[in-house]
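# Chain and residue survey
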Amino acid sequence: MADLRINLAGIESPNPFWLASAPPTNSGYQVQRAFDAGWGGAVWKTLGEPIINVTSRFAALHYGGQRVLGFNNIELITDRPLDVNLKEMAETKKLFPKHTLIASLMVEHKREAWHEIVKQVEAIGVDGLELNFGCPHGMAERGMGSAVGQHPDLIRQQVEWVKEVAQTPVIVKLTPNITDIRFTARAASQGGADAISMINTINSLIGVDLDRWLPIPHVDGKGAHGGYCGPAVKPIALNMVAECARDPLVGIPISGIGGISTWRDAVEFLLMGATGVQVCTAAMHHGFRIVEDMIDGLNQYLEQKGIASVMDIVGKAVHTYSDWGNLNLNYKVVARIHEETCINCNKCHIACEDTSHQCIDIIKDQATGKERLVVREEDCVGCNLCSIVCPVEGTIEMVEIPTGEPPLTWNQRQAALASGGATE
Amino acid sequence: MSVHTDERRHLFEEATPPLKPKEALDEANRCLYCYDAPCIKACPTSIDIPSFIKKIATGNLFGSARTIMEANPVGASCARVCPTEELCEGACVLNHASKPIMIGLLQRHATDWAIRNQAALFQPGEKNGKTVAIVGAGPAGISAARELARLGYDVTVYEAKEKAGGLNTYGIVSFRLPQEVSLWEVEQVASLGVRFLTNTRVGVDVQPEELLQNYDAVLLAVGMGNVPQLGIEGEELEGVLDAITLVEETKNGPLREDFIGKKVAVIGAGNTAIDAATCSKRLGADQVQILYRRTEKEMTAYPFEYEFAKQDGVEFRWLVAPKRIIGTDGRVTGIELTRMKLGEADEKGRRRPEPISGSEYVVEVDFVVKAIGQERLLPLIESFGIGHSKGVISIDPTTYRTTHPRIYAAGDVIFGGGGVDAMVVDAANHGKRAAHAIHAALVEKTARESD
Ligand SMILES: Cc1cc2nc3c(=O)[nH]c(=O)nc-3n(C[C@H](O)[C@H](O)[C@H](O)COP(=O)(O)OP(=O)(O)OC[C@H]3O[C@@H](n4cnc5c(N)ncnc54)[C@H](O)[C@@H]3O)c2cc1C
Ligand SMILES: Cc1cc2nc3c(=O)[nH]c(=O)nc-3n(C[C@H](O)[C@H](O)[C@H](O)COP(=O)(O)O)c2cc1C
Ligand code: SF4
Ligand code: SF4
Ligand code: SF4
C-alpha cells in the first residue's frame, strides 16, 4: 500500500480525499458516515448567520443518456444554528481524531465578526479553516461569498483579519466567477492565507421549461442564477488550479475542487499542483461509497508506478503547463488511422471535411469493395479533431512527424525578429 | 456435420467472445451503481457487483478483479459458467427499464485482465500455527483453501487427480470454460502457500485417521462421482460411455476419432447431458439426440445451455426412457425406448414420468452417453464415519460442520439435488463459509484454552 497521507499547509490527512463544504457535510451524522466510508477529511457546510433556504434548490444537466454531467444549486450556507453545528463538529472530531475536519466560514465584512467565529470554531478543535469567498448566489447579494471573492482588496483584508486570531491553517476558497483567478489567489496569499482552494460554483442557468416557459429550477414561478459544478466544470477548475500552481506570486498550497468524480480526476489535480482534492457532486450522485474506488484506484496507480507516497506526485506536471507563446511552432503531429479497429462510421471524415482541413479520404478498395479511411498526412494540421470524434478509443492515433527544424516558440520567434535575426 | 479432424480443436476453444474494450466500457458506464443492489443479493457469493463494475469504468482493473475474486475465489470460472440470467443478471434493476447489465461478461473482462497481467491479487495471512486438510481441489476446496491461507492457516489440499480445479478443470467443456482459467484460479491459491498434493486419493493413498491425527480440522470437498449405472440391459456394450469421462477426455489429450460421422444418444437433460451432447457434436458426430423421460419444462439444464445446444444442432426427444441397449458383436447398434407420459407430482412438485405400455420403439445409434447425474461417493464418506443421507453429507447449515466435531463439508458433497443442478458458485460459497466457520471454531477453541 502506498502512503496516501497528505500534508496541506500543515493540515494532515489520512488521504487526499475530502468532502467539500456542501450538503454532504451538513451534519455530524453525515460526516461521521463519510469518515466511516473512508473519506480522509471534510469541510463542514459553511457556517455563518443562519439563513433561510428555498425549495426547490437543485437541477442537473443530463446529456446523451448520461445523468448529472453538470449540477446546479441555489442553496445557501448552513440553515442550522451555529451552536448545533459546533456541538456536532466537536463530537465528530472526538470520534474521528485522525480525520481532517475543516470549518468553512462566511460572515459579514466586519473584523469582529470574523474574529468571533474563528475563535468559536477553533475552540472545538478543528484542523483548519476555509473562508468561503465563493458562493455565487444569495449570499453574494448580501455582500458576502463571491461578492468578496471578486474583489482582491476585500479578500486581502478579510484574510488579514482572520489571520490576526487564527491558530490553525487558513484556506481561502475562491470563486471562478472572475476573469483571472490569479489576482484573487495572490490577494489571498498576500493577506497571509496558508492555502487556497478552488473552485466554488459557477454562475449558471441549467435550462428553461419548454412548456411552462420557466427557468429550471424555479421557486414558485421565478428562478435565479445558481452555482454550477459536477463533471462539466472539471476542465475549468483544473485550469484554475494549474494557473495558480505555476504562478510564483501565489506560492501557497492548493486544495483542488470541481468535477472530481474518480481517482483519475484526482490524480490530474494532484499532478497539476493540488495537494489534495475536495468532492461534492460525485458524492451527491452516488453516495459516500465512491471513495472506496478513489482510494483503491489511487493506491494501484501509485504502486504500479513504484511511487511510495502520494505527496510525490503533487505538482509533477506543473512545469509542463505554460503560456501559448512558449509552445514549439516546429512540433508536428498528424493523425494516423488504425484500420484494424476502425468501424467505418466515417465520422472522422466528415468532421475533417466540413470543419477542419479536408484531409481524410474515403478510398474504396477496388478488389474487395471495402472502404478505407486514409489521412493525407501532408495536409493534416494535427488538430486532434478526428481522434476526438472517433468512437473507438485508440483507433486514431496522433503521431509525431519529425520536422527536422529546431524547436522555436512564438516568443523566441518574435524576439529574433525584433533583434533582426532571420527565422523562416 | 462432418468435421475434419484438424479443425476440431478449434471447436473446443472458448465459444463466447470476450467483450471488446469499448463494449466493456460502454456497458460498465451503463450500470447504475445501485445502492444495496439486488444483483449482489442474487449472487450466492455476494460479489460487490456495482463496485467491480465501477472500477472497470474508472480503469482500475486490478481493483475490479480483486473485488470479484475476494468474494468468489473461482470468480473467473463463474463469469463463464454461472446461470447469470437466474442469478445476478436476472435481478438487475434494468430488466424493468431497459436491458440487464451483462454482469457475467464484465466479470470475465476484469478477471481476464488479471489473468493476462499475472496479477497477484492476495497475500497470505500471518501464520497462526493451525493446520487444515482439505480433501478435493474443486471450487469448494480451493475457495476454502484460499480463505484459510489468508487467515494464516497452514493448508494442505489432497486431490486425486493430476491437476487441481475439480470439475472446472476436468468436467465443464472447454468451449465454455477453458482449462487455463481454472488453473489460474488454482495458481492464485497455490501462490498463498497452500500445498496441493495431487495424484493423492484419500482413502487409498492417505487414510482418514491420518488426516484427523495430523490436522486441526478436515474439510471434505470431494464433490460427486461418475455417472451411475442405468440399470438396463446392454449397458456393458462397447460404445456405452459416461458423460463426465467423455468430457474429461476432451479437456486432456487428443480428441477421439471414433465419433466422426456417427449417431450419438445422450441420456439425461441436465448440464452434464448438454455438455456431453455439444461435445459429441464437436467431436464430429453426425447426429446427436438428447433423450429425456420428462419434458422441456422439467429439465434441469440452464436456459442458456439449452439454447447453446440447439444452436449446435443437438436434437431433443422428450418423454422417452431407455429400455435396453441393443448391440451386435459386443458393440452398440441401437437403443430401445419407451414413450412416457407425466403423471402425478412427486414430493418435490415435479410430475412423475410414467411409461406408456406397448409404446416401445428402436432407434439406431452408435454410441450411448449416460448423463443421468452423478453418483455419491458413499464408501469415502462412510470411511470418515460421519452422518449422511443417501450419500449427501449432513451438516449444520451455519457451521458446515458434519456429525464429527473436526470434520467439515462443502460443495457438491452437501448438495441435495431436487430438480436443480449443482452450481460452481454455490460450491465456492460453501467453501468460503466453511473456511470462516473453521476459523471461528479454531479461534474460539484457542481462546477457551487460553482462559
Ligand atoms: C458436465 C458438467 C457441467 C457442469 N456445468 C455447470 C455450469 O455450467 N455451471 C455451474 O455453475 N455448474 C456446473 N456444473 C456443476 C459444478 O461443476 C459443480 O457443482 C462444482 O464443480 C462442485 O464443486 P466441488 O468442489 O464441490 O466438487 P468438484 O468440482 O467435483 O471437485 C471435487 C474434487 O475432489 C476430488 N476428489 C474426489 N474424491 C477424492 C478423494 N478421495 N481424494 C482426493 N480427492 C478427491 C475430485 O478429483 C475433484 O477434483 C457442471 C457439472 C458437470 C459435471
Ligand atoms: C448544493 C450545493 C451546496 C453548496 N454549498 C456550499 C457551501 O455552503 N459552501 C461552500 O464553500 N461551497 C458550497 N458548494 C460548492 C462545493 O463545495 C464545491 O466547491 C462545488 O460543488 C464544486 O465541486 P464538485 O464539482 O465536486 O461539486 C455547494 C455546492 C452544492 C452543489
Ligand atoms: S432527495 Fe430527499 S429531500 Fe430531496 S427532494 Fe428527494 S426526498 Fe426530498
Ligand atoms: S471515426 Fe474512427 S471508427 Fe469512424 S471511420 Fe474514422 S477512424 Fe474509423
Ligand atoms: S442491479 Fe444492475 S444496474 Fe444496478 S448495480 Fe446491479 S448491475 Fe448495476
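Residues numbered from 1 in each chain as written. Chains lettered and ligands numbered in written order. Predicted model: local features only at pLDDT ≥ 70, side-chain atom pairs only at ≥ 80, totals over all residues. Heavy atoms only, no water.

Residue and element names in this part refer to chain A. Position of Ala-147 relative to the elements: it lies in helix α4 (residues 146-149). The class of Ala-147 is buried, set by a relative accessible area of 19%. For the pair Ala-147 and Pro-253, spaced 106 residues apart in sequence, the C-alpha separation works out to 24 Å. Sequence-distant contacts of Ala-147, defined by excluding residues within four places in its chain, comprise Ala-140 and Leu-154. (Helix = DSSP H or I, 4+ residues; strand = E, 2+ residues; numbered from the N terminus. Buried < 20%, exposed > 50% of the residue type's maximum accessible area, 1.4 Å probe, protein only. Contact = heavy atoms within 4.5 Å.)

Residue and element names in this part refer to chain B. With respect to topology, 5 strands assemble into an open sheet ordered β3-β2-β1-β4-β16, the strand pairing being parallel. Looking at strand neighbours, the two that pair on one side only are β3 (195-197) and β16 (407-409), the edges of this open sheet. Taking the axes of each pair of neighbouring strands and ignoring which way they run, one obtains an average angle of 20° across the sheet. Two elements, strand β2 (residues 154-158) and β3, share 3 bridges in a ladder whose sense is parallel. The residue bridging Tyr-158 from the neighbouring strand is Leu-197, located in β3. Sheet strands touched by helix α10 (residues 139-150): β1 (131-135), β2, β3 and β4 (217-220). Its angle to β1, the strand with the most contacts, is close to 165°. (Pairing = 2+ DSSP bridges. Axes fitted to C-alpha atoms, helices over the stretch in contact; angles between N-to-C directions.)

This part is about the interface of chain B and chain A. Contact residues are listed per partner, giving 15 residues for chain B and 15 residues for chain A. Where chain B touches chain A, the interface holds 4 salt bridges. Across the salt bridge formed by Glu-292 of chain A and Lys-55 of chain B, the nearest N and O atoms sit 3.0 Å from each other. Applying the counting rule to chain B against chain A returns 11 residue pairs in polar contact (both at pLDDT 80 or more). Elements supplying a minimum of two residues to the side of chain B that touches chain A: α2 (21-30), α4 (49-57) and α5 (61-71) of chain B. The residue makeup of the side of chain B that touches chain A, split by class, is 5 nonpolar, 6 polar and 4 charged. (Salt bridge = Lys/Arg side-chain N within 4 Å of Asp/Glu carboxyl O. Polar contact = N/O pair within 3.5 Å; in protein donor to acceptor, adjacent residues only side chain to side chain. Nonpolar A, V, L, I, M, F, W, Y, C, P; charged D, E, K, R; others polar.)

Turning to the pairing of strand β9 (residues 320-328) of chain B, a few remarks are in order. Residues and elements named next belong to chain B. Bridge count between β9 and strand β10 (residues 331-345): 8 bridges; the pairing is antiparallel. The residue bridging Gly-327 from the neighbouring strand is Val-332, located in β10. Taken together, β9 and the strand that follows it, β10, pair antiparallel across an intervening segment of 2 residues, in which Asp-329 is found at a positive phi of about 50°.

Grouped together as the largest cluster of nonpolar side chains are 96 residues, with contacts concentrated most on Ile-49, Phe-52, Leu-121, Ile-134, Phe-196, Leu-211 and Phe-384 of chain B. Sorting elements by how many residues they give to this core places helix α18 (residues 424-449) of chain B first, with 9 residues. Looking at which domains feed residues into this core, each of domain 1 (13-116) and domain 2 (131-225 + 377-450) of chain B gives three or more. The residues contacting Ile-49 of chain B, other than those within four sequence positions of it, are Cys-39, Ile-40, Cys-43, Cys-88 and Ile-103 of chain B. Counting 92 residues, the second largest nonpolar core, distinct from the first, contains Trp-39, Ile-181, Met-272 and Phe-288 of chain A. (Core = buried A, V, L, I, M, F, W, Y, C linked by side-chain atoms within 4.5 Å. Domains from an automatic or database assignment.)

Let's shift gears to the pattern of salt bridges. By the definition in use, this model includes 48 salt bridges over all chains. The salt bridge partner of Asp-154 of chain B is Arg-195 of chain B, with a shortest N-O separation of 3.0 Å. With Asp-154 of chain B in strand β2 and Arg-195 of chain B in strand β3, the pair connects residues that are 41 residues apart, well separated along the chain. What makes Arg-195 of chain B partly exposed here is its relative accessible area of 41%. Linked by salt bridges that have partners in common, Glu-292, Asp-293 and Asp-296 of chain A together with Lys-55 and Arg-66 of chain B make up one network.

Looking now at the domain arrangement of chain B. All names here are of chain B. When the domains of chain B are assigned, the result is domain 1 (13-116), domain 2 (131-225 + 377-450) and domain 3 (240-370). One C-alpha centre belongs to domain 1, the other to domain 3, and the line joining them spans 33 Å. On the side of domain 3, 4 residues touch domain 1, which itself brings 6 residues to the contact. Interface area, domain 1 with domain 3, both sides summed: about 410 Å², of which 66% is carbon and sulfur. Among the residues of domain 1 in contact with domain 3, Pro-83, Glu-85 and Glu-86 are the three that bury the most area, contributing 62% of the side total. Applying the counting rule to domain 1 against domain 3 returns 0 salt bridges. Taken together, the residues of the side of domain 1 that touches domain 3 sort by class into 4 nonpolar, no polar and 2 charged. (Buried area = accessible area lost by both parts, 1.4 Å probe.)

In this section: a nonpolar patch on the surface. The grouping of Trp-324, Leu-327, Leu-329 and Trp-410 of chain A at the surface amounts to a nonpolar patch, some 440 Å² of accessible area in total. Relative to the helices and strands, Trp-324 of chain A is located in the loop between α10 (291-305) and β17 (333-337). (Patch = residues over 30% accessible without salt bridge, like charges linked within 9 Å, V, L, I, M, F, W, Y side chains within 5 Å. Areas by Shrake-Rupley, 256 points an atom, 1.4 Å probe, with all protein chains shown as cover.)

Taken as a whole, the second largest pocket holds about 1,300 Å³ of empty space. Forming the boundary of the second largest pocket are 34 residues, of which Gln-66, Arg-67 and Leu-69 of chain A together with Asn-29 and Ala-57 of chain B lie nearest the centre. Counting residues per element, the ones that place at least two in the lining of the second largest pocket are β6 (66-73), α7 (234-245), α8 (263-271) and α9 (281-286) of chain A together with α2 and α4 of chain B. No other element matches α2 of chain B, which puts 5 residues into the lining of the second largest pocket. (1 Å grid on protein atoms, 1.4 Å probe; cavity = no way out; pocket = protein on both sides within 12 Å on 5 of 7 lines; lining within 4 Å. Points joined across faces, edges and corners; volume = space filled by probe spheres on them.)

With that settled, the discussion passes to the site of ligand 2. All names here are of chain A. As a matter of local geometry, ligand 2 sits amid 23 residues, with Ser-21, Thr-46, Lys-173, Gly-259 and Thr-281 nearest to it. A distance of 2.8 Å separates an oxygen atom of ligand 2 from a polar side-chain atom of Lys-173. Here an oxygen atom of ligand 2 sits 3.0 Å away from a polar atom, N or O, in the main chain of Ile-199. Protein contacts shield 98% of the accessible area of ligand 2, which totals 610 Å² for the unbound molecule. Cavity membership is defined here by more than half of the atoms lying within 2 Å of grid points; on that basis ligand 2 lies in the largest cavity. Considered class by class, the residues forming the shell around ligand 2 number 10 nonpolar, 10 polar and 3 charged. (Near = heavy atom within 4 Å. Sits in = over half its atoms within 2 Å of the grid points.)

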